[in-house]
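Structural overview for review
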Amino acid sequence: MKHLFIINPLAGRVNHETAILESLKKYGDTIDYDVYRTTAPKDATRFIRQYCSEHSEDTCFYACGGDGTFNEVVNGAVGFDNAYVSVYACGSGNDFVKYYGGAENFLNIDNLVNGTPHKIDLIKIGDKYSVNVVDFGFDTIVATTMIKVKRKPIIGGKRAYATGVVKALFTGMRNKCTLKVDGKPINDGEILLCTLGNAQFVGGSFRCSPKASNDDGMLEVCIIDPISRFKFLSLIGEYTAGKHLDNPKFIDILKYTRCKSGEVSAPEGF
């Protein structure tokens, strides 16, 4: 097995490259490993697809970064039978690995190198793939804001998602959108937000799809209808903790189901 560590030097608020390289030194020639440093967005995807096309040996690609780096690595490896993926979780949110107990379980190179492969589901959107959660509506404003501020002091880092939430409270409370799941419409044309979960967490701490399993072939779908800002603020704690699906406070505003596929219809620019 070839071990290829894909390092995103811009992930998180601290550069973990030195720690990774120090951990790898002790292996010497006992494992076949190499390091690749990304230089631009989507560079990891491009590099992995090219590498897999040119090499036939089994290779594990370690996404050394956060959820964005892992997404790029997955999109590069998908479709190649000789490709495996893992995560050295040193990003800002590390949402995907919370499914397995958190980032601390993915910062030990020995455990990663000696891990046992396990097949999981992916969500396909057009010609791209999501490994964790697909969000739209309110969360679109949150995500675009988060990208802009994630490396800024005070409002960035682990607070970047919360900063995005504040912005969305003013601009993303009512979104025109219709969702069909397995061919059937499940909402009336407007949403606050919708999540389609393969795993459970988003935004660093929000357990948006608490019943999701990433190897059962199903998506967990949760739609929340438009609500007032006051009601949003009164419920956000329950949503963050993943208690919304069975909470009577959500009964009139929440639609929940499971499906194999979803189809989104919305105005241009959504």
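Everything in this summary refers to the structure shown in the same document. Please read all numbers here as calculations on a predicted model, not as lab measurements.

This brings us to unusual backbone geometry. Residues other than glycine seldom take positive phi values, yet Ile154 does so here, at roughly 70°. One can find Ile154 in the loop between α6 (138-149) and α7 (160-171). Taking the relative accessible area as the measure of exposure, Ile154 reaches 66% and is therefore exposed. Backbone geometry places Asp182, a non-glycine residue, at a positive phi of 50°. Tracing the sequence through the fold places Asp182 in the loop between β9 (178-181) and β10 (184-185). A residue is classified by how much of its surface remains accessible, and Asp182, at 41% relative accessible area, is partly exposed.

The next subject is the nonpolar core. Ranked by size, the top nonpolar core spans 39 residues in total, and within it Phe5, Ile6, Ile48 and Phe61 carry the most contacts. Ile48 has contacts with Ile6, Phe61, Val73, Gly76 and Ala77, leaving out every residue within four places of it along the chain. Val165, Cys222, Phe232 and Leu245 belong to the second-largest nonpolar core, a separate cluster that totals 23 residues.

Time to look at empty space enclosed by the protein. Counted under the stated rule, the structure contains four cavities of 30 Å³ or more. Contributing to the lining of the largest cavity are Leu192, Leu193, Ile224, Ile227, Phe232, Leu235, Ile236, Tyr239, Phe250 and Ile253. Among the elements that line the lining of the largest cavity, the one with the most residues is helix α8 (residues 229-240), at four residues. Here the residues of the lining of the largest cavity sort into 10 nonpolar, no polar and no charged.

Looking at the element boundaries, Thr45 is found in helix α2 (residues 43-54). Taking the relative accessible area as the measure of exposure, Thr45 reaches 15% and is therefore buried. A polar atom in the side chain of Thr45 sits 2.7 Å from the backbone oxygen of Glu72. Not counting chain neighbours up to four residues away, the residues in contact with Thr45 comprise Glu72, Asn75 and Gly76.

This part covers the pattern of salt bridges. Scanning the model with the defined rule gives 12 salt bridges in all. Glu190 is paired through a salt bridge with Lys176; the nearest N and O atoms lie 3.4 Å apart. Within this pair, whereas Glu190 is found in strand β11 (residues 190-191), its partner Lys176 is found in strand β8 (residues 175-176), the two being separated by 14 residues in sequence. Look at Lys176 and you get exposed, because its relative accessible area is 51%. In this structure, Asp216 and Arg258 form a salt bridge, with 2.4 Å as the shortest nitrogen-oxygen distance. Separated by 42 residues along the polypeptide, Asp216 in the loop between β12 (193-197) and β13 (219-224) and Arg258 in strand β14 (residues 254-259) bring together distant segments of the chain.

The pairing of strands in a sheet happens through backbone hydrogen bonds and is either parallel or antiparallel. In spatial order, the strands read β7-β12-β13-β14; together these four strands make up an open sheet with antiparallel pairing. The sheet is open, and its two borders are formed by β7 (133-137) and β14, each paired with just one other strand. Direction aside, neighbouring strands of the sheet carry axes that sit 10° apart on average. In this sheet, β13 lies alongside β12 in antiparallel orientation, the contact comprising five bridges. If you follow Gly197 over to β13, its bridge partner there is Glu220. Across the sheet, α6 is in contact with β7 and β12; its angle to β7 comes to roughly 105°.

Okay, the layout of surface pockets next. Taken as a whole, the second largest pocket spans an internal volume of roughly 1,100 Å³. For the second largest pocket, the lining is made up of 33 residues, of which Tyr84, Val85, Pro117, His118 and Lys119 are closest to its centre. Taken together, the elements giving at least two residues each to the lining of the second largest pocket come down to β3 (59-65), α3 (67-77), β4 (83-89), α4 (95-98) and α5 (109-113). A per-element tally of the lining of the second largest pocket places β4 first, with five residues. Grouping the amino acids of the lining of the second largest pocket by side-chain chemistry returns 22 nonpolar, eight polar and three charged.

Attention now moves to the pairing of β12. Most of β12 sits inside the fold, with five of its five residues counted as buried. Burial along β12 is two-sided: the face carrying Leu193, Thr195 and Gly197 and the face carrying Cys194 and Leu196 are both buried.

On to the sheet that holds β9. With antiparallel pairing, three strands are arranged side by side in an open sheet as β10-β9-β15. Either end of the sheet is taken by a strand with one partner, and the two such strands are β10 and β15 (262-265). In terms of strand pairing, β9 meets β15 through four bridges, oriented antiparallel. Of the residues in β15, the one forming a bridge with Leu179 is Val264.

So, how was this worked out
- Residues numbered from 1 in each chain as written.
- Predicted model: local features only at pLDDT ≥ 70, side-chain atom pairs only at ≥ 80, totals over all residues.
- Heavy atoms only, no water.
- Helix = DSSP H or I, 4+ residues; strand = E, 2+ residues; numbered from the N terminus.
- Buried < 20%, exposed > 50% of the residue type's maximum accessible area, 1.4 Å probe, protein only.
- Core = buried A, V, L, I, M, F, W, Y, C linked by side-chain atoms within 4.5 Å.
- Contact = heavy atoms within 4.5 Å.
- 1 Å grid on protein atoms, 1.4 Å probe; cavity = no way out; pocket = protein on both sides within 12 Å on 5 of 7 lines; lining within 4 Å.
- Points joined across faces, edges and corners; volume = space filled by probe spheres on them.
- Nonpolar A, V, L, I, M, F, W, Y, C, P; charged D, E, K, R; others polar.
- Polar contact = N/O pair within 3.5 Å; in protein donor to acceptor, adjacent residues only side chain to side chain.
- Salt bridge = Lys/Arg side-chain N within 4 Å of Asp/Glu carboxyl O.
- Pairing = 2+ DSSP bridges.
- Axes fitted to C-alpha atoms, helices over the stretch in contact; angles between N-to-C directions.

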